[in-house]
Amino acid sequence: MSTAFEKLCISALLLFALTAGAASADVALSNEIITKPMSFSDKDFVTISNCTFQDINSDYVLQFDNVKNVTITDSAFVHMTVTDVEKAVVCARGCGTIKIVNTDFQWIQGHAIRLPYGYPNTELGKNGQIEVDHCNIKNVDEYNQIHETGVGCRIFQSDNAVITNCEIAYTQSEGLWLGRGNEPINSLNAALVKGCNIHHTMGDNILTQENAKNVHVIDNELSYAGYIYPGSRPMNGDHAMYYQCNEGGLIADNYIHHCLDSYNGNPDSLGISFRSGNLTIARNIVHDTTKTAIGYWSDHPGSGTVKIENNVVYNTGCNSANGPLKGVNAPGIYLVGAQADKDEVDNWEIYHNTVYIDKQYEDWRAVAPLAWRNLAQPCSATVIGNILCLDNGDTD
């Protein structure tokens, strides 16, 4: 039987071999308790299973470079502090396939998952297929109060990403962040977010930027964005779904509620805030938002057709995380155009939505079930079969 000292020596040798880049093309690590950061490069396969990483304070915890296949499964990361704002507990670049499955991230300072790390700005940093499934990411705080470091999962500069059946909660910034700015080199070519529960985020539950393409957000529960006053972006708003993409988008069958952001008594939080075209928003239930439930602003490039159909909306203008608000401008569905130097949506199709508004204000237009203004011309709008109810308390 091995002595405790022998086991310690074996573990130390294993750790040295893994971090120093052992000659083997494949690396497998399982059933270990690990308290030091690890990096892997130029491997065919790296597989980590049933491991617990705990109490690590470093630039990163797991870092992968040019690994063809990365698999992390049935593991846990607990009490991590990531001191490099461009890295994460798990970070990688130049990798082929990355799978993170049935893994917990708890009590993190910095990013939990960031793919790729840094800002490579070259094709060499691009990752391939990313899969994050059945993971729990909770209690993610900013590192050293540096804004936008407390993100649950951030993915850009990759071929495609599939995020399914995950719970992401109690993040200081965004829960899930897809894309980076609008530079083509940082594009995420396709993404599916399905079956997730993302809640209690100081920033957006989900943020998708301009260069995240073909993003489908389906069958998720999104709630409690901006749940602590004043949220992550005071005066700009934190939303359940903040969508900037302009290619092949779908937001469907989601349950979205309690978007609570406000600033200085004014509402800031939407259920779905979209800034682009070529998008279908369908069969969502959206309620209890401090501002509009489904809203469009043309401050990002947009074109093509937007379909808004078969959604259910109620109780816009709800109380915020900081209590009751001032006179609220919170229509159910609200489309606003005429932003300078931006292309706008060409065609609107608004079918079979049910919107119920029961607020009582002197100016009923502030809470119209459906409203639009200053949409670019020429554009077309088809509005058919919607049930729009404004209960303003009048007895007549």
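Residues numbered from 1 in each chain as written. Predicted model: local features only at pLDDT ≥ 70, side-chain atom pairs only at ≥ 80, totals over all residues. Heavy atoms only, no water.

## Description of the overall build of the chain
Part 1 of the reasoning: For the chain, the helix and strand inventory stands at one helix and 40 strands.
Part 2 of the reasoning: Burial analysis of the chain (396 residues in total) assigns 52% to the buried set.
Part 3 of the reasoning: About 16,100 Å² of surface is accessible on the chain, with carbon and sulfur atoms providing 48% of the total. (Helix = DSSP H or I, 4+ residues; strand = E, 2+ residues; numbered from the N terminus. Buried < 20%, exposed > 50% of the residue type's maximum accessible area, 1.4 Å probe, protein only. Areas by Shrake-Rupley, 256 points an atom, 1.4 Å probe, with all protein chains shown as cover.)

## A look at the pattern of salt bridges
Part 1 of the reasoning: Taken as a whole and assessed by the stated rule, the structure comprises five salt bridges.
Part 2 of the reasoning: Across the salt bridge formed by Asp65 and Arg93, the nearest N and O atoms sit 4.0 Å from each other. Of this pair, Asp65 sits in strand β6 (residues 62–65) while Arg93 sits in strand β9 (residues 88–93), and the two are 28 residues apart along the sequence.
Part 3 of the reasoning: Classification of Asp65 by relative accessible area gives buried; the value is 16%. (Salt bridge = Lys/Arg side-chain N within 4 Å of Asp/Glu carboxyl O.)

## Describing the pairing of β9
Part 1 of the reasoning: Counting buried positions over the six residues of β9 gives five, a clear majority of the element.
Part 2 of the reasoning: As paired elements, β6 and β9 share four bridges and run parallel to each other. Residue Phe64 lies in a different strand from β9, and its bridge partner there is Ala92.
Part 3 of the reasoning: Where β9 lies against strand β12 (residues 111–115), three bridges are found, and the strand directions are parallel. Of the residues in β12, the one forming a bridge with Cys91 is Arg114. (Pairing = 2+ DSSP bridges.)

## Brief notes about the packing of aromatic side chains
Part 1 of the reasoning: Enumeration according to the criterion identifies eight aromatic pairs in this entry.
Part 2 of the reasoning: On the basis of an interplanar angle of 85° and a centroid distance of 5.9 Å, the ring pair of Tyr170 and Tyr227 is categorised as edge-to-face. In this pair, Tyr170 is assigned in strand β17 (residues 167–171) and Tyr227 in the loop between β23 (221–225) and β24 (241–243), connecting sequence segments 57 residues apart.
Part 3 of the reasoning: Using a relative accessible area of 35% as the deciding quantity, one classes Tyr170 as partly exposed.
Part 4 of the reasoning: Put simply, the rings of Phe53, Phe77 and Phe105 pair up and form one aromatic cluster.
Part 5 of the reasoning: Over the face of the ring belonging to Trp177 we find Arg154, whose NZ or CZ atom lies 3.8 Å from the ring centre. (Phe/Tyr/Trp six-rings, centres within 6.5 Å; stacked < 30°, edge-to-face > 60°. Lys NZ or Arg CZ within 6 Å of the ring centre and 35° of its normal.)

## Here we look at the sheet that holds strand β15 (residues 153–155)
Part 1 of the reasoning: Read across the sheet, 12 strands follow the order β3-β6-β9-β12-β15-β18-β21-β24-β29-β32-β35-β38 without closing on themselves; strand pairing throughout is parallel. At either end of the open sheet lies a strand with only one pairing partner, and these are β3 (38–41) and β38 (370–373). Taking the axes of each pair of neighbouring strands and ignoring which way they run, one obtains an average angle of 5° across the sheet.
Part 2 of the reasoning: Bridge count for β24 against strand β29 (residues 272–274) is three bridges, and the pairing is parallel. Residue pairing for β29: Tyr242 is matched across the bridge by Ser273. (Axes fitted to C-alpha atoms, helices over the stretch in contact; angles between N-to-C directions.)

## Overview of unusual backbone geometry
Part 1 of the reasoning: The peptide bond linking Leu115 to Pro116 adopts the cis configuration, its omega dihedral lying at 0°.
Part 2 of the reasoning: Of note, Pro116 is situated in the loop between β12 and β13 (127–133).
Part 3 of the reasoning: Even without being glycine, Tyr224 reaches a positive phi, approximately 55°.
Part 4 of the reasoning: Examined against the element boundaries, Tyr224 turns out to sit in strand β23.
Part 5 of the reasoning: Since its relative accessible area comes to 24%, Tyr224 is described here as partly exposed.

## Description of the side chain of Arg114
Part 1 of the reasoning: The topology assignment puts Arg114 in strand β12.
Part 2 of the reasoning: In this structure Arg114 is buried but unpaired, with Glu86 as the nearest side chain of opposite charge at 5.5 Å.
Part 3 of the reasoning: Within the structure, Arg114 has its side chain in polar contact with the backbone oxygen of Pro116 (distance 3.4 Å).
Part 4 of the reasoning: Not counting residues up to four positions away in its chain, the partners in contact with Arg114 are Val85, Glu86, Lys87, Ala88, Val90, Cys91, Ala92, Tyr119, Arg154 and Phe156. (Lys, Arg positive; Asp, Glu negative; His and termini not counted. Polar contact = N/O pair within 3.5 Å; in protein donor to acceptor, adjacent residues only side chain to side chain. Contact = heavy atoms within 4.5 Å.)

## Overview of the pairing of strand β10 (residues 97–101)
Part 1 of the reasoning: The two faces of β10 differ: Ile98 and Ile100 on one face are buried, but Thr97, Lys99 and Val101 on the other face are not.
Part 2 of the reasoning: As paired elements, strand β7 (residues 69–73) and β10 share five bridges and run parallel to each other. Bridge pairing links Ile72 to Ile100 in β10.

## Focus: the side chain of Gln63
Part 1 of the reasoning: Structurally, the position occupied by Gln63 is in strand β6.
Part 2 of the reasoning: The buried category is assigned to Gln63, whose relative accessible area is 9%.
Part 3 of the reasoning: One polar contact links Gln63 to Asp65, side chain to side chain, over a distance of 3.2 Å.

## Focus: the state of the cysteines
Part 1 of the reasoning: The final tally for this structure, using the stated rule, is zero disulfides.
Part 2 of the reasoning: We note that Cys318 lacks a disulfide partner, and the nearest cysteine sulfur, in Cys259, lies 7.7 Å from it. (Disulfide = S-S within 2.5 Å.)

## Some words on the confidence of the model for the chain
Part 1 of the reasoning: Mean pLDDT over the chain stands at 87; residues scoring 70 or higher make up 88%.
Part 2 of the reasoning: Note on residues 5–23: pLDDT is under 50 here. Beyond four places in sequence and across chains, it has 19 contacts. (pLDDT = per-residue confidence, 0-100.)

## As for the environment of Cys166
Part 1 of the reasoning: Examined against the element boundaries, Cys166 turns out to sit in the loop between β16 (158–164) and β17.
Part 2 of the reasoning: Along the backbone, Cys166 and Asn220 are 54 residues apart, and their C-alpha atoms lie at a distance of 9.6 Å.
Part 3 of the reasoning: Those residues in contact with Cys166 that sit more than four places away from it in its chain are Val132, Asp133, His134, Cys135, Gly195, Cys196 and Asn197.

## Overview of the environment of Asn102
Part 1 of the reasoning: Structurally, Asn102 can be placed in the loop between β10 and β11 (104–109).
Part 2 of the reasoning: With 28 residues separating them along the chain, Asn102 and Asp74 place their C-alpha atoms 5.0 Å apart.
Part 3 of the reasoning: With sequence-adjacent residues up to four places away left out, Asn102 is seen in contact with Thr73, Asp74, Ser75, Asp133, His134 and Cys135.
Part 4 of the reasoning: Among the polar contacts listed, one links the side chain of Asn102 to the side chain of Asp74, at a separation of 2.4 Å.

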